[in-house]
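Here is how the chains run, residue by residue.
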Amino acid sequence: MVDPTDPRELYLTRVAAGLQLPPSVAHEIVEELAGHLADATETLQAEGLDAAMAEREAMARLGNPDVLSESIRLAHQTRRRALVAAGFGVLAGLNGAFWGYLFAGGMLSLTALVGFGLLSVLISVLGLSVSGWQTWNPIIGVLMALFAAGLAGNRVIGVVATRSYRQPGDIVAPVALVGAAAIGWVTIFWIRIDQDPATVALLFLTPVAFAAGVLLPASRRVGARSGRIRLTARGILGLVALLTIAWLVLGIVTLRSNQGRHEPGKDWYAVYPQSSLPEVPYATDFGIWSIGMPTLSLTFDPPSQLSAWRDLRAEAWPAATSVDGWGGVDPIATGPILSAPLVEREAGVVEAGLSLPATKTRVSYVALVSGIGPDGIRYLLAGPDGPGLSPPWVGTAWEWFTTP
Amino acid sequence: MRVDPQLLKGTTPLLVLTVIGDGELYGYEIAQRIRERSGGAFAPSEGSLYPALHRLEADGALVGTWRASERGPRRRYYGLTPKGHGLLAESRDQWTSFVRGVVKVAGRTGTSNG
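Summary of the structure given here. (Residues numbered from 1 in each chain as written. Chains lettered and ligands numbered in written order. Predicted model: local features only at pLDDT ≥ 70, side-chain atom pairs only at ≥ 80, totals over all residues. Heavy atoms only, no water.)

## What to know about the sheet that holds strand β1 (residues 25–26) of chain B
Residues and elements named next belong to chain B. Which entries qualify depends on this criterion: In short, DSSP must find at least two bridges between two strands for them to pair. In DSSP terms, a helix is any run of H or I states spanning at least four residues, a strand is any run of E spanning at least two, and both are numbered starting from the N terminus.
Read from one edge to the other, the open sheet built from 3 strands follows the order β1-β3-β2, with strand pairing classed as antiparallel. Two strands lie at the open edges of the sheet, namely β1 and β2 (62–69), each paired on one side alone. Across 2 bridges, the pairing between β1 and strand β3 (residues 72–80) is antiparallel. Bridging from a neighbouring strand, L25 pairs with Y78 of β3.

Listed below in structure tokens is the structure:
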């Protein structure tokens, strides 16, 4: 308890309050200044001043306590300390991102289970005829990464402020800018991965989330874990309730009716008629071996039959979408995405590979073989088989964004 | 003659390093020693002494240790590190060059008018 009648104590208390350094450091500085004041007072008394005047003169020679404390604080804010703090800040950011990712993943997955579970009960109780709902899986990944980035930012500002002996408010702007710029350079211009709209949005928003985490209100007391986000039990329960309700609402608005369901195989022959000619070649080794690179092979038995057919082609057509995922060829498609001539590999055996191009929007396709028969009509000889998916578009987020 | 305190600005680190170079001292002793060695001509503001001490310590030129004092509570004694010795020598050279330059321009040599 500070004695309000003791000028020296008041002076030293004011200095201590203005230092805003870690408690152990501030305590030693105040102790040092207290010793100085004691020595100065003693010397001035020996020179003839009375005790009160000597003490006042000693404090006056040290100067204004606010100016003194600020000068001492600035003396501790060295460049070396700032660099060391930056290094620890990077580690703190990685730590925050790791735990933030885990926490968000666990929270979102758990609440999605509960929310969609409640939705199932609701559908059952109400006797609704539905085929399913959107599960929003890409959004879960995006939200996890954004929360991780935000928590990383929050950790970074706290650690950097504490270790550099600076106030969080004094460094929040440079930390947010530098951190967001560094993360943005990595996520938008450097990382080359399979891009899609959700992933690109995530990569562009990550530096924004980091900056938001840095800008969150931070404690003004250096020396503690300033601005650290702490979740209380009530806060966690509230978050669980909020997320569960959000999943429930999202599930409700994306319920899909059982009406208008596609019949399997209904659209198969929308492209070419099936041949009714005798001794039609049969397909062997037909199928989609890998995403984007189906290889098709057709065998003519007897091999001489090959001469009766011409312009044999392997074709990739847009796939029809259906509730059960198997709808054959898209009935509104007017032509194949890609086609390649079948080349005779050995007597009576023809083969072709389809190398589909990567596009920004992944295309679901079916592969088939067609050929012109002896009667001059193009027939469907094999397939459709699939659906397959066109190759992933690999590049940076910026390349994806700027590609037409 | 009393020296204008403005002239002392920037010299505090050199003065501090010089007196500490003779042996470890604590803050009040440093201020007293500077006053004595200047013959009472000047003394750096005590308010600028401790920021200078802490800055030199943070930069690695000084090392501070707490010791029991004869005069009562413990005191923080400061001593030069190898880096501090180097900084002292460099500061002395700079100051010497500076003073020579000032004397050449403003020293009492020749006539001042015409």
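Following the structure, the description resumes.
## Focus on the pattern of salt bridges
Cut-off, in case you're wondering: A carboxyl oxygen of Asp or Glu within 4 Å of a side-chain nitrogen of Lys or Arg is what we treat as a salt bridge.
Counting across every chain of the model gives 16 salt bridges over all chains. Between A:E28 and B:R76 there is a salt bridge, with the nearest N and O atoms lying 3.8 Å from each other. With one member in each of two chains, A:E28 in helix α2 (residues 23–46) and B:R76 in strand β3 form a pair that bridges those chains. A:E31 serves as the salt-bridge partner of B:R74, at 2.7 Å between the closest nitrogen and oxygen.

## Structural notes on the packing of aromatic side chains
For the record, the criterion: Pairing of aromatic rings covers Phe, Tyr and the six-membered ring of Trp, with a centre-to-centre limit of 6.5 Å; geometry is then stacked below 30 degrees between planes, edge-to-face above 60, and tilted otherwise. Charges are assigned to positions over rings by a cutoff of 6 Å between ring centre and Lys NZ or Arg CZ, combined with an angular limit of 35 degrees from the ring normal.
In this structure the tally under the stated criterion is 12 aromatic pairs over all chains. Ring geometry for A:F116 against A:W247: centres 5.9 Å apart, planes inclined by 55°, an arrangement best described as tilted. Here A:W247 lies in helix α9 (residues 233–253) and A:F116 lies in helix α5 (residues 79–126), a separation of 131 residues in the sequence. Above the plane of the ring of A:W400 lies A:K360, whose end atom (NZ or CZ) is 4.2 Å from the centre. The lysine or arginine in question, B:R75, covers the ring of B:Y26, its NZ or CZ lying 5.8 Å from the ring centre.

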